[in-house]
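# Tertiary structure, described
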Amino acid sequence: MSKKMKDFIDQVREIVKTGGTEEEMTARVAESLEPILDDPELLSADQLLVKKEGFTLNKVHIEPDESFSIGAGIWDVGQTTPIHDHGTWGVIGIYRGMENEESFLREGPRESGARVKLMPLGKRLAGPGDVFVCCTKDNDVHRVSCASSEPVVGIHVYGDDLAKLTRYKYEEATGEVKSFNTGWDYAKISA
Ligand SMILES: [Fe+2]
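A brief look at the structure comes next. (Residues numbered from 1 in each chain as written. Predicted model: local features only at pLDDT ≥ 70, side-chain atom pairs only at ≥ 80, totals over all residues.)

With that settled, the discussion passes to the overall build of the chain. Looking only at helices and strands, the chain features three helices and 11 strands. When the helices and strands of the chain are placed in sequence order, the string is α-α-β-β-β-β-β-β-β-β-β-β-β-α. In summary, the chain has a C-alpha radius of gyration of 16 Å against a globular reference of 16 Å for 191 residues, a match within 12%. Referenced to the eigenvectors of the C-alpha coordinate spread, the extents of the chain come out at roughly 45 × 40 × 30 Å. (Helix = DSSP H or I, 4+ residues; strand = E, 2+ residues; numbered from the N terminus. Rg over C-alpha atoms; globule rule 2.2 N^0.38 Å.)

This is the structure:
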């Protein structure tokens with residue numbers, strides 16, 4: 001692991017230990033993430049591998065007490081995620097490529113089988129060096145897509161072990177809610 005990533009993990013650990021509101025913690029994580037995104041050695045070759053099917057979230061670090069986790073999220077050219085939530089706070093910094101993010105406000109229960117109303121909140125285009133807060137409890141629903149002719153690679157920091165959380169995706173036309181779980185991709189399996 002690169003020195004800058006190691007130092008970043010230490011900084012996130014301190015931020016999480018210090019605590020505060022989700023807005024305060026995500027702002028501090030974003031501030032620490034921004035300066036390391038131009039390091040060409042930040043991710044290992046394994047962490048940059050793209051799965052042949054589905055969306056790639058290569059594990060970078062899971063804090064032993066599961067208070068936060070870090071992954072390399074890679075959307076391949078042409079990929080668009082479903083509209084989905086996270087169930088925890090999250091910060092994303094773009095490392096390579098461009099990402100388009102559409103945010104939604106959900107009106108209705110966060111449970112499988114329910115139907116909710118989704119209201120578009122806005123879009124943003126993010127490129128290398130850009131950092132944004134993807135989710136807090138009150139603003140947790142989005143859809144992201146690769147907006148470049150190369151895969152978009154983002155450093156994703158979440159306030160939990162993302163793979164342990166039950167998450168929900170939302171059908172745009174009907175508002176139908178379905179649960180799903182995310183697994184960490186281990187680069188050697190992805191090869
Ligand atoms: Fe997401």
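We now examine the pairing of strand β6 (residues 117-126). Burial analysis of β6 places just one of its 10 residues in the buried class, which makes it a mostly uncovered element. Sheet topology places strand β5 (residues 99-107) next to β6; nine bridges connect them, and they run antiparallel. In the sheet register, Ser-103 faces β6, and the bridge partner there is Gly-122. (Buried ≥ 20, exposed ≤ 12 C-beta atoms within 10 Å, placed from the backbone. Pairing = 2+ DSSP bridges.)

Now for helix α1 (residues 3-18). Taking 1.5 Å of rise per residue, 16 residues should cover 22 Å, and α1 covers 23 Å from first to last C-alpha, within 8% of that figure. Regarding α1, the residues found buried are Met-5, Phe-8, Val-12 and Ile-15. Viewed along the axis of α1, the buried residues span an arc of 75 degrees, placing them on a single side of the element. Turned more than 90 degrees away from the buried face of α1, the exposed residues are Lys-3, Lys-6, Asp-7, Asp-10, Glu-14, Lys-17 and Thr-18. Looking at the packing, one finds that the buried side of α1 touches α2 (22-33), β1 (56-62) and β9 (152-158). (Expected span 1.5 Å × (residues − 1). Arc of directions from axis to C-beta. Contact = placed C-beta atoms within 7 Å.)

Inspection of the secondary structure assignment puts Ile-92 in strand β4 (residues 90-96). For the pair Ile-92 and Glu-34, spaced 58 residues apart in the sequence, the C-alpha separation amounts to 9.5 Å. Not counting residues within four places of it along the chain, the set of residues in contact with Ile-92 comprises Phe-132, Cys-134, Gly-154, Ile-155 and His-156.

The biggest cluster of nonpolar side chains holds 32 residues, and the ones touching the most others in it are Val-29, Leu-33, Val-91, Ile-155 and Val-157. Looking at this core, the elements with two or more residues in it are α1, α2, β2 (69-75), β4, β7 (131-135), β8 (141-146) and β9. For this core, the element with the most residues is β9, which contributes five residues. Residues within four places of Val-91 in sequence aside, it is in contact with Thr-26, Val-29, Ala-30, Leu-33, Val-131, Val-133, Cys-134 and Val-157. Grouped together as the second largest cluster of nonpolar side chains are seven residues, Phe-104, Val-141, Tyr-170 and Val-177 included. (Core = buried A, V, L, I, M, F, W, Y, C linked by C-beta atoms within 7 Å.)

A word on the environment of Ser-179. With respect to the secondary-structure elements, Ser-179 resides in strand β11 (residues 177-181). Sequence separation of Ser-179 and Asp-85 is 94 residues, and the distance between their C-alpha atoms is 9.8 Å. Residue contacts for Ser-179: discarding those within four places in its chain leaves Ser-112, Thr-166, Arg-167 and Tyr-168.

To continue, consider α2. The end-to-end C-alpha distance of α2 is 16 Å, a good match for the 16 Å that 12 residues give at a rise of 1.5 Å each. Looking at α2, one finds that the buried residues are Met-25, Thr-26, Val-29, Ser-32 and Leu-33. Summarising the axial view, the buried residues of α2 lie within an arc of 125 degrees, below the 170-degree limit, and thus occupy one face. As for α2, its buried residues are in contact with α1, β4, β7 and β9.

Take the sheet that holds β2 next. Strands sit in the order β1-β2-β9-β4-β7 across an open sheet of five strands; the sheet is antiparallel. The sheet terminates laterally at β1 and β7, the two strands that pair on one side only. With strand direction ignored, the average angle separating the axes of adjacent strands in the sheet is 25 degrees. Relative to β2, β1 runs antiparallel, the two being bridged by six bridges. Bridging across to β2, Asn-58 finds its partner in Ala-72. Its contacts with the sheet put α2 on β4, β7 and β9, and the angle it makes with β4 is roughly 15 degrees. (Axes fitted to C-alpha atoms, helices over the stretch in contact; angles between N-to-C directions.)

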